[in-house]
Amino acid sequence: MSGNYIERVYAKEVRAFKEISVEFSKGFNFIAGENGVGKTSILAIISHCTNIRSFTESKFTENSELHFDAIHNNERIRCGHGEGSIKIGGYREDTLRLHNTPSDKGAENRRLLHAYELESKKINLSPLFIGAVRSISYLGLEGIKKENNKVHCQNQYRQASTMSLINGSGTSVKQWIINRYFIIDKGWAWEEKNNFEHFTSRLAKLAPFDSDFKYVDTGRDMEPVFELHGKKCYLEQLSSGFQSVLTIVTSIIEWIEKCNDEGSRDIRTASGTVIIDELDAHLHPEWQLRIRDGLEVIFPNVQFIVTTHSPHLIASAKENEVIVMRKSDDDTYDLKAESKSYSGWTTDQILKDVMGVKGLDNKLYAVLIDDAFDKLADKDIRALEESIVNLEKVTHPDDTICMVLRTKLAGLKAVSDEDIATVMMDTRGVVKSSLAARPTRGRVKSSLVARPTRGRAKSSLVARPTRGRARFDLTDKPAKEIEDETTEVTKPFDDLKVTD
Ligand SMILES: Nc1ncnc2c1ncn2[C@@H]1O[C@H](COP(=O)(O)OP(=O)(O)OP(=O)(O)O)[C@@H](O)[C@H]1O
Ligand SMILES: [Mg+2]
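Thresholds applied
Residues numbered from 1 in each chain as written. Chains lettered and ligands numbered in written order. Predicted model: local features only at pLDDT ≥ 70, side-chain atom pairs only at ≥ 80, totals over all residues. Pairing = 2+ DSSP bridges. Helix = DSSP H or I, 4+ residues; strand = E, 2+ residues; numbered from the N terminus. Axes fitted to C-alpha atoms, helices over the stretch in contact; angles between N-to-C directions. Near = placed C-beta within 6 Å. Nonpolar A, V, L, I, M, F, W, Y, C, P; charged D, E, K, R; others polar. Buried ≥ 20, exposed ≤ 12 C-beta atoms within 10 Å, placed from the backbone. Right-handed = clockwise from strand over helix to strand, strands pointing away. Expected span 1.5 Å × (residues − 1). Bend = angle between axes of the 7 residues up to and from the residue. Contact = placed C-beta atoms within 7 Å.

Draft legend 1. The arrangement of the sheet that holds strand 11 (residues 224-228) in detail. Taken in spatial order, the three strands line up as 10-11-12 in an open sheet, and their pairing is antiparallel. Both edges of this open sheet fall to strand 10 (214-218) and strand 12 (231-234), since each of them pairs with a single strand only. Sheet twist, expressed as the mean angle between neighbouring strand axes with direction ignored, is 30°. Looking at chain direction, strand 11 and strand 12 are connected through four bridges and run antiparallel. By the bridge assignment, L228 is partnered in strand 12 with K231.

Laid out in structure tokens, this is it:
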């Protein structure tokens with residue numbers, strides 16, 4: 001089985017780039033970076049390398065050159081436009097002047113091809129481009145059309161590539177499903193049948209957890225019916241997230257079936273490159289976490305080059321899949337995937353350090369935390385208490401920083417009006433037990449209390465001022481039993497130690 005995929009793209013003086021080189025891996029490639037850094041421009045450059053008509057859609061100079069390196073049927077090729085190819089005509093007027101093959105610098109025995117030769121030499125390198133604008137509106141149905149031959153289809157995909165990226169495109173999901181409905185029982189449509197079954201049996205993997213998303217059937221009224229959370233619904237009744245995912249998936253299946261010969265149209269083995277601008281568009285965060293694995297299950301051999309603004313999508317990526325673009329002062333970039341994965345990073349950390357989002361420091365949460373730590377440093381108990389109350393209004397009930405601050409507050413309070421205070425925490429800052437020695441009212445000089453915290457501590461130690469006989473009481477019981485029962489042990493104060 002041969003795998004066709006793009007290894008690297010290079011461009012000089014195209015759009016806002018002085019020079020750019022990006023290495024891709026065979027599977028998933030997520031391009032992340034701040035707004036306007038050039039993510040979509042990388043995809044546009046790949047599209048220009050596959051056709052000869054889209055030069056009005058980007059800015060070039062007399063020195064511009066652009067190409068990509070790819071593997072095609074086990075052959076190493078380089079394809080694009082060499083220096084001097086483009087005739088500069090001004091804003092949206094640039095055209096192709098010469099068919100100069102790309103430079104052989106660093107080509108290492110690659111076959112050099114000009115973009116127009118992809119068609120004349122019948123090379124199946126026709127990536128599918130899906131723009132950030134998804135056409136998911138209702139479309140009227142057409143009759144079934146005669147299938148075009150594979151070379152014609154590949155060429156159509158190449159010619160449409162730049163505009164698909166800019167204006168958006170996408171298969172009409174409804175038309176696609178209905179076409180399947182008419183051909184599925186024909187002997188010659190065995191690959192389409194297998195693909196359709198593979199797609200429908202894995203739909204649940206593409207949807208959010210527990211949604212139980214299924215394709216049911218298409219009835220006489222030509223309306224495809226789905227099931228969601230146990231209820232039937234028509235295609236148009238699905239939310240834009242479902243429609244967006246269905247548009248992407250059916251577009252890829254259709255592209256594989258149109259661009260390959262009979263016998264190599266199986267979506268489980270077919271290869272090629274799918275390029276999607278803003279894969280996360282329209283998707284709920286949980287979906288953004290799932291879509292990578294869902295696409296991999298349905299199209300295990302396809303290369304994906306996608307841009308994203310979603311920290312959840314970045315968190316779903318594996319090692320060597322995230323390409324981080326950081327604005328360079330001289331507009332020169334040499335990019336490849338980070339060897340790490342970001343699955344253990346918080347959303348804020350990814351937004352700030354991977355996607356270059358500025359201004360998170362001004363978020364109310366961060367401001368309130370800074371304020372609380374200032375109050376803590378000042379040992380101002382009342383102000384700290386007030387800060388924590390304000391912080392708790394904007395945080396999750398399990399927020400670790402709030403817990404730590406509450407603990408520190410307890411410690412401060414204990415120290416302020418008592419002689420001894422010890423607070424024992426585990427490494428995550430969860431309080432296991434606290435120990436305070438209080439000034440006494442009257443007879444007894446001090447008391448010692450060790451409390452279980454929210455039932456987490458295994459045991460508790462309570463030492464109280466005694467009335468009569470014992471000087472101190474000691475309780476050592478599982479936390480939940482403490483309220484009902486107290487075992488009293490007499491201990492001299494000096495012997496009393498709390499251990500966790
Ligand atoms: N058709 C074009 N011709 C010339 N320059 C362009 C063109 N489109 C965009 N640019 C410039 O290229 C730079 C990068 O734009 P691009 O759209 O690639 O960024 P991006 O990272 O995709 O941003 P976003 O996150 O907002 O989608 C910008 O400075 C922009 O002005
Ligand atoms: Mg963009």
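Draft legend 2. Fine view of the site of ligand 1. Around ligand 1, the structure places 13 residues, and the nearest of them are A16, K39, T40, S41 and K59. For the shell around ligand 1, the leading source of residues is helix 1 (residues 39-50), giving three residues. Counted by class, the shell around ligand 1 contains two nonpolar, seven polar and four charged residues.

Draft legend 3. Just helix 1, in detail. Helix 1 sits mainly inside the fold: 10 of its 12 residues count as buried. The set of residues buried in helix 1 consists of K39, I42, L43, A44, I45, I46, S47, H48, C49 and T50.

Draft legend 4. The pairing of strand 1 (residues 5-14), seen in detail. Taking burial as the measure, the 10 residues of strand 1 include seven buried ones, the bulk of the element. Summarising the sheet, strand 1 and strand 2 (residues 17-23) pair through six bridges and their orientation is antiparallel. Note on strand 2: the bridge partner recorded for A11 is I20. Hairpin connection, strand 1 to strand 2: the antiparallel pair is bridged by two residues, and R15 has positive phi, about 50°.

Draft legend 5. Up close: the pairing of strand 14 (residues 302-308). Counting buried positions over the seven residues of strand 14 gives seven, a clear majority of the element. Across the two faces of strand 14 the burial is the same, with V302, F304, V306 and T308 and Q303, I305 and T307 all buried. Direction of pairing for strand 3 (residues 28-33) relative to strand 14: parallel, over a ladder of five bridges. The residue of strand 14 that forms the bridge with I31 is T307. As paired elements, strand 13 (residues 272-276) and strand 14 share five bridges and run parallel to each other. Each residue of the ladder has a partner; that of I275, found in strand 14, is I305. Tracing the backbone out of strand 13, into helix 8 (residues 285-298) and back to the parallel element strand 14 gives a crossover that is right-handed.

Draft legend 6. Seen up close, helix 3 (residues 150-167). Between its terminal C-alpha atoms helix 3 stretches 24 Å, which fits the 26 Å expected from 18 residues at 1.5 Å a residue. Largest kink in helix 3: about 50°, centred on S161. Residues of helix 3 that are buried: Q154, Y157, R158, S161, T162, S164 and L165. The elements touched by buried residues of helix 3 are helix 1, helix 2 (117-120), strand 9 (128-130) and helix 7 (240-259). Immediately beyond the C-terminal end of helix 3, within one or two residues, lies G168, with a positive phi of roughly 85°.

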